[in-house]
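For reference, the chains in residue letters:
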Number of protein chains: 2
Amino acid sequence: MNVKSDLKFSKRGDALIGQEMFHILERANEIEKSGEKVYHLELGEPKMYPPGRIINKTIISLLENRVGYSPSGGLLALRKEIASYHSEKLNKKLNFQNIVISPANLLIFQFLDIICEVDDIVVLFTPAFPTYIAACNYIGVRTRTVSLSIDDGFQLTKKHIDEALSLKPKTIIINSGNNPTGAVYDKEVLGYLLEKAVQKDCWILSDETYGMLSFNKSFFSMLNYNYEKLVIISSFSKIFSVPGFRIGYLISGSTVSDKISLSSSTLYSCLPIFTQEGIIIGTSIMDEFTKQSRKYYKKLSKECASIIDESDLLSCTMPDSGFYLFIDIRKTKLDDMIFCQRLLNEYKTAITPGSSFGYEGFIRASICGNIKEVKKGLRQMVLFANSL
Amino acid sequence: MNVKSDLKFSKRGDALIGQEMFHILERANEIEKSGEKVYHLELGEPKMYPPGRIINKTIISLLENRVGYSPSGGLLALRKEIASYHSEKLNKKLNFQNIVISPANLLIFQFLDIICEVDDIVVLFTPAFPTYIAACNYIGVRTRTVSLSIDDGFQLTKKHIDEALSLKPKTIIINSGNNPTGAVYDKEVLGYLLEKAVQKDCWILSDETYGMLSFNKSFFSMLNYNYEKLVIISSFSKIFSVPGFRIGYLISGSTVSDKISLSSSTLYSCLPIFTQEGIIIGTSIMDEFTKQSRKYYKKLSKECASIIDESDLLSCTMPDSGFYLFIDIRKTKLDDMIFCQRLLNEYKTAITPGSSFGYEGFIRASICGNIKEVKKGLRQMVLFANSL
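Quantities reported herein were computed from a predicted structural model and do not represent experimental measurements.

How each quantity is defined
- Each chain has its residues counted from 1, running along the sequence as written.
- The lettering of chains begins at A and the numbering of ligands begins at 1, in the order of writing.
- The predicted nature of this model means local features are confined to residues of pLDDT at least 70 and side-chain atom pairs, given and counted, to a pLDDT of 80 or more, with totals for whole chains, interfaces and linings taken over all residues.
- A run of H or I in DSSP counts as a helix once it spans at least four residues, and a run of E counts as a strand once it spans at least two, with each numbered from the N terminus.
- Note that the radius of gyration is over C-alpha atoms, with the globule rule given as 2.2 Å times the number of residues to the power 0.38.
- Exposed residues have 12 or fewer other C-beta atoms within 10 Å of their own C-beta, buried residues have 20 or more, and residues in between are partly exposed; the C-beta atoms are placed from the backbone.
- Two residues form a contact once the distance between their C-beta atoms, set from the backbone, is within 7 Å.
- Residues are grouped as follows: nonpolar covers Ala, Val, Leu, Ile, Met, Phe, Trp, Tyr, Cys and Pro; charged covers Asp, Glu, Lys and Arg; every other residue, Gly included, is treated as polar.
- The atoms used to superpose the copies are C-alpha atoms, taken from residues with pLDDT of at least 70 in both, and the fit is least squares.
- By definition, two strands form a pair when at least two bridges between them are found by DSSP.
- The length a helix should cover is 1.5 Å for every residue beyond the first.
- Here, the arc refers to the directions that run from the helix axis to the C-beta atoms.
- In this document the domain limits rely on a domain assignment from an automatic tool or a database.
- In this analysis an axis means a line fitted to C-alpha atoms, helices contributing only their contacting stretch, and an angle means the value between N-to-C directions, from 0 to 180 degrees.
- Angle categories: roughly parallel below 35 degrees, roughly antiparallel above 145, roughly perpendicular from 65 to 115, and oblique for all the rest.
- When the near helix sits turned anticlockwise from the far one by under a right angle, the crossing is termed left-handed; a clockwise turn instead gives a right-handed crossing.

### Examining the overall build of chain A
At step 1: When you go through chain A residue by residue, the secondary structure sums to 13 helices and 13 strands.
At step 2: In terms of overall size, chain A behaves like a compact globule, its C-alpha atoms giving a radius of gyration of 21 Å where 388 residues would be expected to give roughly 21 Å.
At step 3: For the C-alpha atoms alone, the extent of chain A along its principal axes is close to 55 × 55 × 55 Å.
At step 4: Across the 388 residues in chain A, those meeting the buried criterion constitute 55%.
At step 5: Expressed as a percentage of contacts within chain A between residues at least 6 apart in sequence, the contacts between residues at least 24 apart total 74%.

### Comments concerning helix α6 (residues 130-139) of chain B
All names here are of chain B.
At step 1: Within α6, 9 of the 10 residues are buried, which leaves the element mostly enclosed by the surrounding structure.
At step 2: Buried residues of α6: P130, T131, Y132, I133, A134, A135, C136, Y138 and I139, and no others.
At step 3: G140 occupies a position one or two residues after α6 and carries a positive phi of about 90°.

### Some points on the interface of chain B and chain A
At step 1: Counting from both sides, the interface comprises 64 residues of chain B and, opposite them, 64 residues of chain A.
At step 2: Looking at the side of chain B that touches chain A, the elements with two or more residues in it are α1 (11-14), α3 (52-63), α5 (104-115), α6 and α9 (254-267) of chain B.
At step 3: Tallying contributions element by element places α9(B) first for the side of chain B that touches chain A, with 9 residues.
At step 4: Looking at the side of chain B that touches chain A, its residues break down into 33 nonpolar, 22 polar and 9 charged.

### Here we look at the relation of the copies chain B and chain A
At step 1: Once turned by 180° and shifted 0.0 Å along the axis, chain B lies on chain A with an RMSD of 0.0 Å. Here the copies are linked by what is in effect a two-fold axis. The position closest to the rotation axis in chain B is occupied by the C-alpha of B:I59, lying 2.9 Å away.
At step 2: A symmetric contact is evident, with 100% of the interface residues of chain B recurring at the interface of chain A.

### Points about the sheet that holds strand β9 (residues 315-316) of chain A
Residues and elements named next belong to chain A.
At step 1: Here 4 strands make up an open sheet; going across it, the order is β9-β10-β13-β12 and the pairing antiparallel. This sheet does not close on itself; its edge strands, each paired only once, are β9 and β12 (352-353).
At step 2: Pairing of β12 with strand β13 (residues 362-366) involves 2 bridges; the strand directions are antiparallel. Among the inter-strand pairings, T352 is bridged to a residue of β13, identified as R364.

### Some words on helix α3 (residues 52-63) of chain A
All names here are of chain A.
At step 1: Compared with an ideal rise of 1.5 Å per residue, which puts 12 residues at 16 Å, α3 spans 16 Å between its outermost C-alpha atoms and is within 8% of the ideal.
At step 2: What α3 keeps buried is the set I54, I55, T58, S61 and L62. Mapping the buried residues of α3 onto a view down its axis gives an arc of 125°, with all of them on the same face. Facing away from the buried side of α3, by more than 90 degrees, are the exposed residues G52 and L63.
At step 3: Just downstream of α3 lies N65, where phi reads positive at about 65°.

### Brief notes about the domain arrangement of chain A
All names here are of chain A.
At step 1: Domain annotation for chain A reports domain 1 (15-44 + 288-387) and domain 2 (52-284).
At step 2: Between domain 1 and domain 2, the C-alpha centre-to-centre distance is 25 Å.
At step 3: For the side of domain 1 that touches domain 2, the secondary structure elements donating two or more residues are α11 (286-308), β10 (324-328) and β13.
At step 4: If you tally residues by element for the side of domain 1 that touches domain 2, the top one is α11, at 6 residues.
At step 5: Across the side of domain 1 that touches domain 2, the residue classes tally to 12 nonpolar, 10 polar and 5 charged.

### Here we look at the packing of helix α4 (residues 76-90) of chain B against helix α10 (residues 273-283) of chain B
Residue and element names in this part refer to chain B.
At step 1: Running from N to C, α4 and α10 point in directions that differ by 25°, and their axes come no closer than 9 Å. The angle between α4 and α10 places the two elements in the roughly parallel class. In this structure, α4 crosses over α10, and the sense of that crossing is left-handed. Judged by residue contacts, A77, L78, E81, I82 and Y85 of α4 engage Q276, I279, I280 and T283 from α10.

### Comments concerning the environment of A:L94
At step 1: Mapped onto the elements, A:L94 comes out in the loop between α4 (76-90) and β2 (99-102).
At step 2: When the C-alpha atoms of A:L94 and A:S252 are compared, they prove to be 9.3 Å apart, with 158 residues separating the residues in sequence.

Here you go:
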């Protein structure tokens, strides 16, 4: 089926231009097909083994032929588990109506699309998770960025919040337990954000996917606050090392969560039952399992940062959470895209340029893969930097 | 978390109003919770057992810890299998670039959203699958309907096509192997549609989900034609009785399928690997398995139609494909919504009003559930109709 090249897409269609991260992955695959080994530090795909009970329960569910439709908002039992888990932590009452199940990536789009018109302003703090940028571009909102600084350890500060709100946003997106920097934001600053957002009647989308993987600093959840225009997103992908399950959730007032359920119903009907039933079993060991993960990632991030230190041209702040290092390559004088391309082609190491996060002069190394490969990849990076 | 009721959604958010089908399901669940039995004929959720090898392979994949990310466009092996399956049937060359994997329901939205602007006209032939209507409303295109007639057995005719094209549509959606009517469209008419669409430079979205379940008439696929603005959607949900796997596919020129991959990447990243690997194994027995299904549904639809015939106030055309009966209730003088509500409340039988398909005076019975329950539900419907 041949297609002429002059086909016209809609504005939204034209706004879909793809992420550099995936182009790098493609190029890495090409190199591997030619028989050469590539070290993968580009994707946040944890290689720890997921809890056996999640896999086992998913399998049992499949064996019981639970292959039909589930409710659009997610299985009631899963919504209840999440509500009760957070209610206990917060000492406040959430119920299942506050929870809706959907892939976390999709929830970003779903939320923005039901709230924002094309003319509305959405503020992102950069470096920012590429999906925020891609979803905003796709929807066509006016995206404004406020740049964080390595001098503050990429912390969000009151100054950044004032700057963000001066842009008159409809929505501010924050991401504590940050991807890519690993920064965990201060309670005091988040309190200030809430206060100012309430004053300006601004929505807050708080992506807390990496909150439970906070190992150097106590994680403060925006869930501690009550505000009708506050929406929290999280996911089981990173917590349980099951990114392919595609199960995340949103917590909000029921007016918003009901609308998101309708969005899911219209867009894709529902998620599988069996994956959700697997995750339900996982929730009972979430604290125990993430405690192990935190310990592991804390040790790992130290070891990896010390490899980076071996080059005078590279440096990074120590992450407080997650499994990424956001590395300053400005001393190499190379553009971050060029750095990543050359690192891949010459040193067979795949990594993501800071430009993908709206932040030039830096690169993101994902250290959640096979540990030997990760360290080897980082050493390749040091070799490359030192060769410049 | 309390939310005031005066929260404002975007235009798109406001356009999400939900489907009557799901409200009926909710009401049915309420009745069941009170301890009463409900006969379910409202959802197209096949209760045949899926091929064991699909379930087994999915389980093996889970046991092998294949719980990471897959490519946004779907696993290459699955795209290749689908391309080669259709290439053999059609005696033409499709390759994996023509195929993109995504839930079929979502593909309807993805396609319309990358092609249509708000001002564009999309033509549906009613009765129409509710997702077309919901997706069009959500995107905000100007939806125009052309009404098919029971007098033609709900066939698409040249007259309907002329009417559709006179509305100057950007896109026409057709659905042979129709849900809800079961009609399979004539090759000659589809050829006429293609000819006219080419003349008018109009997109055709051909939903062929039920094509392989065509038992009374040879199914003619639009894939037989080459036209750059022709896009085919199908799904494994109904073929293999695994609706909860959420795996469908789109076939088009690579300019469109590449764009849909980017859409998936932006919206939800990817589908699970393990479900796709299960389906890959299924494709080798697709013809054999659907042959059994066709035989089963042919017999079943006859038996069910003969139950409907027991009431003078009800009638239906014999479906050519699928597992729905679209029943004319106009002689009952009841509004179809009222009919369905009363049937559920008084006779404990859940069924979908024609209004959900943009077609009043009719109801859709899904007969793919447990056969005893289905027949009992239809008998309840006859009792109700005869009581009027």
